[in-house]
Amino acid sequence: MTIGISVKLEVLMQISGILKSMLKLEAMRVFVSVVEAGSLGAAASRIGRSPAAVSMTLKQAEAEIGGPFFDADRKVRLTPLGTTVLRNSRRALEAHDAAIDEIGRFARGEEGSLRLASTPSIARRLLPSIVSAMLEKRPKLAFEVRDVDSQSVAELTAAGLVDFGIASLSSASRGLSVELLFEDHFRLVCHRDHPLASAGKPIALAALASHNFIHNGLCDAIDSQGVEQLSKTARLRARNVGALYGLIEAGLGVTILPALAVPLESRLASLPLADLDAMSRVYLMSREGEAISPVANIFKDMVRQSAATFNQERKPPAGAVQQAFRR
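Residues numbered from 1 in each chain as written. Predicted model: local features only at pLDDT ≥ 70, side-chain atom pairs only at ≥ 80, totals over all residues. Heavy atoms only, no water.

Short version of the rule: UniProt positions are given in the numbering used here, feature names are shortened, and annotations may be inferred rather than shown by experiment.
By the naming in an unreviewed UniProt entry, the chain goes by LysR family transcriptional regulator and is assigned to Jiella pelagia. What UniProt states about the chain under its Sequence similarities (unreviewed entry) heading is, verbatim, "Belongs to the LysR transcriptional regulatory family."

**Description of the confidence of the model for the chain**
Note the following rule: Within a predicted model, pLDDT stands for the predictor's per-residue confidence, ranging from 0 to 100. Contacts are residue-level and defined by heavy atoms, with any inter-residue pair within 4.5 Å sufficient.
Scored by pLDDT, the chain has a mean of 85; 87% of the residues are at 70 or more. Note that pLDDT drops below 50 for residues 18–22; the model gives that stretch 9 contacts with residues more than four away or on any other chain.

**So, the nonpolar core**
Soluble globular proteins tend to pack their nonpolar side chains together in the buried interior. Heads up, the condition is: Among buried residues, those of type Ala, Val, Leu, Ile, Met, Phe, Trp, Tyr and Cys that are joined through side-chain atoms within 4.5 Å constitute a nonpolar core. Each residue is placed in one exposure class: buried if its accessible area under a 1.4 Å probe, protein chains only, is under 20% of its type's maximum, exposed if it is over 50%, and partly exposed if it falls in between. The numbering of helices and of strands both runs from the N terminus, where a helix is a DSSP run of H or I of at least 4 residues and a strand a run of E of at least 2.
Ranked by size, the top nonpolar core spans 24 residues in total, and within it Ile122, Met134, Ile166, Phe182 and Phe299 carry the most contacts. Looking at this core, the elements with two or more residues in it are β1 (111–118), α6 (120–125), α7 (127–137), β3 (164–167), β4 (176–191), β9 (279–287) and α11 (294–314). Considering each element in turn, this core owes the most residues, 8 residues, to α11. In contact with Phe182, not counting residues within four places along its chain, are Ile122, Leu126, Leu260, Ser280, Arg281, Val282, Ala307, Phe310 and Asn311.

**Examining the packing of aromatic side chains**
Inclusion rule: The pairing test for Phe, Tyr and Trp rings, Trp by its six-membered ring, is centres within 6.5 Å, and the orientation test on the planes gives stacked under 30 degrees, edge-to-face over 60, and tilted for anything in between.
Taken as a whole and assessed by the stated rule, the structure comprises 3 aromatic pairs. Taking the centre distance of 5.7 Å and the plane angle of 70° together, the rings of Phe31 and Phe70 count as edge-to-face. Here Phe31 is found in helix α2 (residues 25–37), whereas its partner Phe70 is found in the loop between α4 (51–65) and α5 (80–107), with 39 residues between them in sequence. Here a set of aromatic residues connected by ring pairs shows up, and it is made of Phe31, Phe69 and Phe70.

**Notes on the pairing of strand β8 (residues 268–271)**
Working note: regular strand, side chains alternate between the two faces of the sheet. Note the cut-off: Any two strands are treated as partners once DSSP identifies two or more bridges connecting them.
Side chains of β8 alternate between two faces, with Leu268 and Ser270 and Ala269 and Leu271 buried alike. Where β4 lies against β8, 4 bridges are found, and the strand directions are antiparallel. Paired with Leu188 across the bridge in β8 is Leu271.

**Concerning the pattern of salt bridges**
Any two side chains of opposite charge can pair, so long as their charged atoms come close to each other. Formally: Whenever Lys or Arg places a side-chain nitrogen within 4 Å of a carboxyl oxygen from Asp or Glu, that contact is recorded as a salt bridge.
Counting across every chain of the model gives 14 salt bridges. Notably, a salt bridge pairs Glu36 with Arg90, separated by 3.5 Å at the nearest N-O pair. Here Arg90 lies in helix α5 and Glu36 lies in helix α2, a separation of 54 residues in the sequence. Residue classification places Arg90 among the partly exposed residues on the basis of a relative accessible area of 38%. For Arg304, the salt bridge is made with Glu179, and the minimal N-O distance between the two is 2.9 Å. Taken together, the residues Arg304 in helix α11 and Glu179 in strand β4 connect sequence positions 125 residues apart. For Arg304, a relative accessible area of 33% puts it in the partly exposed group. A single network of salt bridges, built from pairs that share partners, joins Glu36, Arg46 and Arg90.

**Observations concerning the side chain of Thr79**
Threshold: Throughout this description, a polar contact denotes any pair of N or O atoms lying within 3.5 Å of each other; where both atoms belong to protein, one of them has to be capable of donating a hydrogen while the other can accept it, and for residues adjacent in sequence the pair is counted only when both atoms sit in side chains.
Structurally, Thr79 is set in the loop between α4 and α5. Here Pro68 takes part through its backbone oxygen, which lies 2.8 Å from a polar atom of the side chain of Thr79. Once residues lying within four places of it in the same chain are set aside, the contact partners of Thr79 are Pro68, Phe69, Phe70 and Asp71.

**Describing the packing of α2 against α4**
Quick note on the threshold: For every element, the axis is a line fit to its C-alpha atoms; helices are fit only across the contacting stretch, and the angle between N-to-C directions ranges from 0 to 180 degrees. These descriptions rest on fixed angle ranges, namely under 35 degrees for roughly parallel, over 145 for roughly antiparallel, 65 to 115 for roughly perpendicular, and the rest for oblique. The sense of a crossing depends on the near helix, which, turned anticlockwise from the far helix by less than a right angle, makes the crossing left-handed and, turned clockwise, makes it right-handed. Under this grouping Gly is polar, as are all residues other than the nonpolar Ala, Val, Leu, Ile, Met, Phe, Trp, Tyr, Cys and Pro and the charged Asp, Glu, Lys and Arg.
It is the contact of α2 with α4, at a shortest axis distance of 10 Å, that shows an interaxial angle of 115°. As far as their axial angle goes, α4 and α2 are roughly perpendicular. Here α2 and α4 pass one another in a crossing that is left-handed. Contacts between α2 and α4 involve Ala27, Val30, Phe31 and Val34 from the first element and Val54, Thr57, Leu58 and Ala61 from the second. For the contact of α2 with α4, the residue count by class is 7 nonpolar, 1 polar and no charged.

**Re the environment of Cys219**
By secondary structure assignment, the location of Cys219 is in the loop between β5 (214–216) and α9 (225–233). Under the relative-accessibility criterion, Cys219 is labelled buried at 4%. Put simply, Cys219 and Ile256 are 37 residues apart on the chain and 7.0 Å apart in space, counted from C-alpha to C-alpha. Apart from the residues lying within four places of it in its own chain, the contact partners of Cys219 are Phe213, Val227, Ser231 and Ile256.

Laid out in C-alpha cells, this is it:
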C-alpha cells in the first residue's frame, strides 16, 4: 500500500519536473477543462468558475511555462507546446487523483492489509466470521492468518511480524499491550464413544486417573494439583492440536481443553469437570505504544464486538439449568 502510493507520487513529481515545476495542478485542471469543453465559457461553467478567472489562470500558466498553449484566442487549436502540456497535464492529474483516492480509501479502512496470529481454536471459531464481515464491505483488504500456540502468538506480535495476536497469556506476553476478550471454562475432552462421554454428570479429576491422559500445552496454565498429577504421569503428550485431536479420535486417551477449542463438527465430546473451575483467558495482543492503521482499528472493534457476543451467547438464561455435557 505505502509503496503503491509512493510510486504514484514519484510519477507525479517527475511529470511536474517536465513542466519545470511551475505549472500548478489547479492550472493543469483548468487547462484540460478548456480543451475538453472547447471554450472558456463552457469550461468555466463545468468547473464552477467565471470565464474571467479561467482566462487569467490560463494566461498565468502560459507565462510561467514560457509560451502560448493555443493558436488563437478561441482556444480551439493547440500549439505544439499546448499539446505537450495537455498530454503531461492529463498524466499528472490522473496520477494525482489516483494517489489521493488511494490515500482516502486507506484512511477509511477500505484498503490495507492485516497480519494476524492466533491459537487454532480462535482461528477456526472466531476469526472466519470477523474476516468475512470485513471482506464483505471492504473486498480490497488482504489478510494473513497464522495459527500457532499461545507462546508463538506472543512472540510473533512482540517481533512485529503480525499486527495482532489473539491467545492466552504466556511468558512471551510481557511488554505487550493486552486486552481481555473473554474467559472460557476448561472441560474434559474425549471420544464420543468413550465410557466417560455417557456419564451424564460432571466428571471428577480423580476419575481420569484410570484412563490414558494426554498432556497438552494448556494444561501447564491450570492451577490444579489434580491436573498437575495427571500431566506428570501422562504417557502421551501433544503440543499441536491436530495431533491431539487425532490421538483422541483414535481412542488413545482423554485431555482437558477450553470449551472453545473443541471442534463442533468432530467425533469429540466435551464434558464439564466437577472439581475444576479453572478458566482459560483469551487476550487481544499488540505492540505497546505502536500506531495502528485505520483497518487495524476497525478489526480491533470487530474483535471486541465478537467477543462480547460470544460471552453473551454462553450465559445461561436466568433460572435455567445449564446443560453443558456436549458442545
